[in-house]
Amino acid sequence: MFLLSLMHLTGKSQSILVSGESGAGKTETTKLIMQYLTFVGGRAAGDDRTVEQQVLESNPLLEAFGNARTVRNDNSSRFGKFVEIQFDSNGRISGAAIRTYLLERSRVVQITDPERNYHCFYQLCSFERDAEKYKLGHPSHFHYLNQSKVYELDGVRNSEEYLKTRRAMDIVGISHADQESIFRVLAAILHVGNIEFSPGKEHDSSAVKNDKSRFHLQMAADLFMCDVDLLLATLCTRSIQTREGSIIKVLDCNAAVAGRDALAKTVYARLFDWLVDKINMSVGQDINSKIQIGVLDIYGFECFKDNSFEQFCINFANEKLQQHFNEHVFKMEQEEYGKEEINWSYIEFVDNQDVLELIEKKPIGIIALLDEACMFPKSTPETFSTKLFQHFRSHPRLGKEKFSQTDFTVSHYAGKVTYHTDTFLDKNRDYVVVEHCNLLSSSKCPFVSGLFPLLPEESSRSSYKFSSVAARFKQQLQALMETLNSTEPHYIRCVKPNSLNRPQIFENASVIHQLRCGGVLEAVRISLAGYPTRRTYSEFVDRFGLIAPEFMDGSYDDKAATEKILQKLKLENFQLGRTKVFLRAGQIGILDSRRAEVLDNAAKCIQRRLRTFITRQYFTILRSAAFSLQACCRGHIARKIYAAKRETAAAISIQKYIRMWLTRHAHLKLNFSAITIQSHVRGFVTRQRFLHVKEHRAATFVQAFWRMSKARSSFLRHQTSIVAIQCLWRCKQAKKELRRLSKLFRKFYILSLLYFYFVSQLYLTINIRIMYLETIPQS
Ligand SMILES: Nc1ncnc2c1ncn2[C@@H]1O[C@H](COP(=O)(O)OP(=O)(O)OP(=O)(O)O)[C@@H](O)[C@H]1O
């Protein structure tokens, strides 16, 4: 955070130099720093994959191809790495770039027990499916891996690491086709390493030794997708350009083996560079970025039993970094005290300028002499060493070994290291063998041919193009130093606590040695005696003015205000320079903690208010929410009760109606039955009564009729009797009358009259009798 604020404050790029012995934890520390920086820096919203993800995810990939087991570290970085995190004008991460330095190429073809080759080879061999596809097997079957018997690492499963590497490739955006090509190239390198040679038919020529070698030759050609005869020719012959034209020179077995190894190294180095380029493309660089934070993780100082060219380069890089450290911590510091007219007594430190001059000075330095030796084909390690000792016979930093003519010892800042020069010349010669390039650029695999673009016409004329590894490394280091010098450096010294790789164990002698060698003790001394912190007056007042706001009113002089602030905090022994204030160790801490206290109090006050406001708002919202909730609940409960009541009422109503209906139904049924019964009874009664009445009436009628008939018959009898009597009477009368009349009228007429009368009277009587009989009912 300090770094980021410093970067924002000063607008200057920063760099973190992580240094320490091999295995001290530089790479792990770098990873933590990267995680932290990318987490704090963040990236503009909308980006799918963060720089953090991409840079951090590229680690397994770089580690697989650039790390190997050494005697000091199971996961030793065999290349230097400088990661630049770029920031935009808003202080957000806008890109990143990874620069790598001097990959240890010789490891591809040569390892010592108990070291290992690069992890990727073992990973590929352990993953059965792909290993089978590329006709690989156990690492012990391959010359480049079986020079050491260590194939496994404690706590590491190669097949799982293989999958991690593959995943990292996916994240970095390497297509599956390219991934296949990468592993095909790795497999091809392993097969190339197994091609052995025996003397050929011609003098000093070579040929493939046996069927096994032929198989590996064929496999290598298949995997490189190039012509097998061309591959064989590339390994066993060289074309040399002469004025008369090109001539083919056969190679003896040793030269063929050297050529084979050179091919493997070149392919691997190109592959590694391709991966780094791919990662950089994937992460994306911001070319407009003005400020950046660089993190340097470069191989630590190495001193083994046998030290070769790689150790020489690595230690040279460490000398450079130590010089950078010295310049910043000691030289520039003390120069600044003088410039600012600070009362100061000069502190001595061990300057390593002389070692650097010994190594890199032109025209006479170890690297220059080495390059010169490399350019003469007849040079040998002996001639090189002799020349070296001739030139630096009395150099205090260079020593000669008693029992060796070729070894030389350099007194580095971290200790003496003896180098064996027998492979120096070979390793320094970075030959680009034209045949190798031509072979691989003719590959049918676009990936392989892409690694080896066609050489320009003139360079393809001679078979070997020499370029010095050490000189190129020196240039790279120079460029790195320039980058570092343009930034404000911060140093992290990693200390390896023990050689057992166990926690909580400190080997005191080793720790103190590392601290002393790294100049940490002097740095601590100078920090204690000197003024590790300085600020210009305006910076100081800007930052710490808030500690004493009473001095900040109106116009004030920065220097006077600085002094007053320091006096207010009762700080002593600080010095006021011409433009800057110089503070003793720990004083900036007091100021920062006081400033933090003031800010803390202000923050607390703001927080208090804000919390009150937020709590109040929260409370109001909560209360109204509670009210709403209560209302809702109450409404809900009331609705429930109401619904229950309604249901009850409805139920009662239904019950009532049902009961009523049932009762009514029963009643109606009863009523109906009663009425039916009643009606039946009444009907019956009525019918009985009616029958009775009818009977009565009939009886009455019968009686009446009987009585009438009786009376009629009696009447008729009486009447008949009467009529008879009357008739008899009248007849008697008439007869009396007739006899009288006859007597009187014995004349005819009177008698006739009497006759007519008598007949009419009889007729009348008969009619009356008939009429009476008609009025009587038949019954
Ligand atoms: N902070 C840590 N906590 C626990 N173990 C650690 C820590 N740092 C490093 N280690 C252990 O030390 C080993 C070596 O660490 P690392 O690879 O970072 O060393 P290095 O200084 O980069 O070595 P080299 O220069 O050889 O690359 C790691 O594999 C890990 O096991």
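Residues numbered from 1 in each chain as written. Predicted model: local features only at pLDDT ≥ 70, side-chain atom pairs only at ≥ 80, totals over all residues. Heavy atoms only, no water.

1. Looking at the overall build of the protein
When its secondary structure is counted, the protein shows 24 helices and 19 strands. Taken over C-alpha atoms, the radius of gyration comes to 66 Å for the protein, far larger than the 28 Å a tight globule of 779 residues would show. Expressed as lengths along the three principal axes of its C-alpha atoms, the size of the protein is roughly 235 × 95 × 50 Å. The buried share of the protein, taken over its 779 residues, is 43%. (Helix = DSSP H or I, 4+ residues; strand = E, 2+ residues; numbered from the N terminus. Rg over C-alpha atoms; globule rule 2.2 N^0.38 Å. Buried < 20%, exposed > 50% of the residue type's maximum accessible area, 1.4 Å probe, protein only.)

2. A short note on the sheet that holds strand 11 (residues 398–400)
Ordered by their spatial adjacency, three strands build an open sheet running 11-12-13, and the pairing between neighbours is antiparallel. Lying at the two open borders of the sheet, with one neighbouring strand each, are strand 11 and strand 13 (415–419). Mean inter-strand twist for the sheet, computed between neighbouring axes without regard to direction, equals 25°. Where strand 12 (residues 408–412) lies against strand 13, five bridges are found, and the strand directions are antiparallel. Bridging from a neighbouring strand, H412 pairs with G415 of strand 13. Here helix 12 (residues 353–360) sits on the sheet in contact with strand 11 and strand 12, set at roughly 145° to strand 12. Packed onto the sheet, helix 14 (residues 381–391) meets strand 11 and strand 12 and runs at close to 125° relative to strand 11. (Pairing = 2+ DSSP bridges. Axes fitted to C-alpha atoms, helices over the stretch in contact; angles between N-to-C directions. Contact = heavy atoms within 4.5 Å.)

3. What about the pattern of salt bridges?
One pass over the full model with this rule turns up 30 salt bridges. With a shortest N-O distance of 2.7 Å, E21 and R72 are connected by a salt bridge. On the criterion of sequence distance, the pair formed by E21 in the loop between strand 1 (14–20) and helix 2 (26–41) and R72 in the loop between strand 2 (67–68) and strand 3 (76–77) is long-range, its members being 51 residues apart. A relative accessible area of 15% places E21 in the buried class. A relative accessible area of 26% means that R72 is categorised as partly exposed. Notably, a salt bridge pairs R107 with E115, separated by 2.8 Å at the nearest N-O pair. (Salt bridge = Lys/Arg side-chain N within 4 Å of Asp/Glu carboxyl O.)

4. Looking at the site of the ligand
Close to the ligand lie 13 residues, the nearest being S22, K26, T27, S76 and S77. A distance of 2.7 Å is found between an oxygen atom of the ligand and a side-chain nitrogen or oxygen belonging to S22. Within the contact set of the ligand, an oxygen atom lies 3.4 Å away from a backbone nitrogen or oxygen of N75. Protein chains bury 64% of the 630 Å² of accessible surface belonging to the ligand in isolation. Mapped by element, the contributors of at least two residues to the shell around the ligand are helix 2 and strand 3. For the shell around the ligand, the leading source of residues is helix 2, giving three residues. Considering only residue class, the shell around the ligand consists of one nonpolar, nine polar and three charged. (Near = heavy atom within 4 Å. Polar contact = N/O pair within 3.5 Å; in protein donor to acceptor, adjacent residues only side chain to side chain. Areas by Shrake-Rupley, 256 points an atom, 1.4 Å probe, with all protein chains shown as cover. Nonpolar A, V, L, I, M, F, W, Y, C, P; charged D, E, K, R; others polar.)

5. So, the pairing of strand 10 (residues 291–297)
Most of strand 10 sits out of view: six of its seven residues are buried. Strand direction decides the pairing type here: strand 4 (residues 80–87) and strand 10, joined by seven bridges, are antiparallel. Counted as the bridge partner of V83 is V295 from strand 10.

6. A closer look at the side chain of R184
The topology assignment puts R184 in helix 7 (residues 176–193). The charged side chain of R184 is buried without a salt bridge, its nearest counter-charge being E180 at 6.1 Å. Once residues lying within four places of it in the same chain are set aside, the contact partners of R184 are Y134, L223, M225 and C445. (Lys, Arg positive; Asp, Glu negative; His and termini not counted.)

7. Focus on the nonpolar core
Among the nonpolar cores identified, the biggest contains 91 residues, and F65, F121 and Y268 are the most heavily contacted of them. In terms of residues, this core owes the most to one element, helix 10 (residues 253–283), which gives 13 residues. Look past the residues within four positions of F121 in its chain and what remains in contact with it is V108, L145, L186, I189, L190 and Y268. By size, the runner-up hydrophobic cluster in this structure holds 45 residues, among which are L17, L296, F312 and A373. (Core = buried A, V, L, I, M, F, W, Y, C linked by side-chain atoms within 4.5 Å.)

8. So, a nonpolar patch on the surface
On the surface, Y755, F756, F758, V759, L762, I766 and I770 cluster together into a nonpolar patch covering about 690 Å² of accessible area. Tracing the backbone through its elements, the reader meets L762 in helix 24 (residues 748–775). The exposure class of L762 is partly exposed, given its relative accessible area of 43%. (Patch = residues over 30% accessible without salt bridge, like charges linked within 9 Å, V, L, I, M, F, W, Y side chains within 5 Å.)

9. Concerning unusual backbone geometry
Looking along the chain, the bond that leaves D113 and enters P114 is cis, with omega of 0°. Structurally, P114 is set in the loop between strand 5 (93–101) and helix 4 (119–126). Omega for the bond connecting K362 with P363 falls within 30 degrees of zero, at 0°, which places this linkage in the cis form. Within the secondary structure, P363 sits in the loop between helix 12 and helix 13 (366–375). Residue D204 is not a glycine yet carries a positive backbone phi of 60°. Among the secondary structure elements, D204 is positioned in the loop between strand 6 (197–199) and strand 7 (206–208). By relative accessible area, which is 45% here, D204 ends up partly exposed. The phi torsion at K570 lies on the positive side, around 55°, for a residue other than glycine. On the secondary structure map, K570 appears in the loop between helix 22 (558–568) and strand 18 (575–576).

10. As for the confidence of the model for the protein
Counting all residues, the mean pLDDT for the protein is 84, and 93% of those residues have values of 70 or more. By mean pLDDT, the top-scoring element of the protein is helix 4 (95), and the lowest-scoring one is helix 1 (residues 2–10) (55). (pLDDT = per-residue confidence, 0-100.)

11. Thoughts on the domain arrangement of the protein
Domain parsing of the protein yields domain 1 (531–585) and domain 2 (589–775). Using C-alpha coordinates to define each centre, domain 1 is positioned 122 Å away from domain 2. Across the boundary between the two partners, domain 1 contributes 10 residues, which contact seven residues of domain 2. Around 800 Å² of area is buried between domain 1 and domain 2 when both sides are counted, 77% of it from carbon and sulfur atoms. When residues of domain 1 are sorted by the area they lose upon contact with domain 2, R543, L546 and I547 head the list and together hold 52% of the total. Counting the contacts that link domain 1 with domain 2 gives one salt bridge. With its nearest N and O atoms 3.0 Å apart, the salt bridge here joins D592 to R543. (Domains from an automatic or database assignment. Buried area = accessible area lost by both parts, 1.4 Å probe.)

12. A word on a positive patch on the surface
A cluster of like positive charges, contributed by K732, K735, K736, R739 and K743, occupies part of the molecular surface. Relative to the elements of secondary structure, K743 occurs in helix 23 (residues 587–745). With relative accessibility at 60%, the residue K743 sits in the exposed group. (Charge placed at Lys NZ, Arg CZ, Asp CG, Glu CD.)

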